[in-house]
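For reference, the chains in residue letters:
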Amino acid sequence: MAPEISDLRKTVYYLGMALMIIGGLFIFSAIYAEITQHVNRTVVLDNGYSKMWRVFSGMALVAVGQMMRRVAARGLAGSGVLLDPEQAREDLEPYSRMAGGMVQDALDEADVAHGAAPQPLIMIKCRACEKLNTADAKFCQECGKKL
């Protein structure tokens, strides 16, 4: 299995990110032009088609860029483009390893022993009310009688 993501997939991922940024700039420029036109109350010779073209092309660039990023990040089989379970496992292996590492970090931080047998819980039953109390309790938590 591949321990890392290939350079080609990384390149396609970053190209997709660049397309998304460019598409976002197209959309923002059309919105900015519309706002400044109304604020300045200037007569613009543009009949609106330019702004509409920028918005739609920006949306298309964002969509294509997102698709490129998704396929590049997960691989062709991992993203569902190819129906090959073995290849999908290989494509998604770095992410599975990363997720397992994150879970292990959380378990370490919580001081949970992974795979260890749980410590037996010892409880003492009160003779008066039959309430279960912790082993270190000197008095019943329910009725208050001495254990």
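Quick note: structure is the one above.
None of these values were measured; they are calculated from a predicted model. (Residues numbered from 1 in each chain as written. Predicted model: local features only at pLDDT ≥ 70, side-chain atom pairs only at ≥ 80, totals over all residues. Heavy atoms only, no water.)

A. Up close: the packing of aromatic side chains. Within this structure, the stated rule accounts for 3 aromatic pairs. Ring centres of F26 and W53 lie 6.1 Å apart, and the angle between their planes is 40°; this geometry places the pair in the tilted category. Taken together, the residues F26 in helix 1 (residues 7-40) and W53 in helix 2 (residues 49-78) connect sequence positions 27 residues apart. Residue class for F26 comes out partly exposed when judged on its relative accessible area of 26%. Here W53 falls in the exposed class, since its relative accessible area comes to 54%. Centre to centre, the rings of F28 and Y32 are 6.2 Å apart; their planes meet at 25°, and the pair counts as stacked. Of the two residues, F28 and Y32 are both situated in helix 1; the distance of 4 residues between them amounts to about one turn of the helix. With a relative accessible area of 53%, F28 lands in the exposed category. A relative accessible area of 51% places Y32 in the exposed class. (Phe/Tyr/Trp six-rings, centres within 6.5 Å; stacked < 30°, edge-to-face > 60°. Helix = DSSP H or I, 4+ residues; strand = E, 2+ residues; numbered from the N terminus. Buried < 20%, exposed > 50% of the residue type's maximum accessible area, 1.4 Å probe, protein only.)

B. Structural context of helix 3 (residues 85-109). Taking 1.5 Å as the rise per residue, helix 3 with 25 residues should run 36 Å; its terminal C-alpha atoms sit 34 Å apart, in good agreement. The largest bend along helix 3 reaches roughly 55° and is located at L92, with the proline P94 sitting one to four residues downstream. Looking at helix 3, one finds that the buried residues are A88, D91, E93 and P94. Note on helix 3: the residue one or two positions beyond its end, D111, has a positive phi of about 60°. (Expected span 1.5 Å × (residues − 1). Bend = angle between axes of the 7 residues up to and from the residue.)

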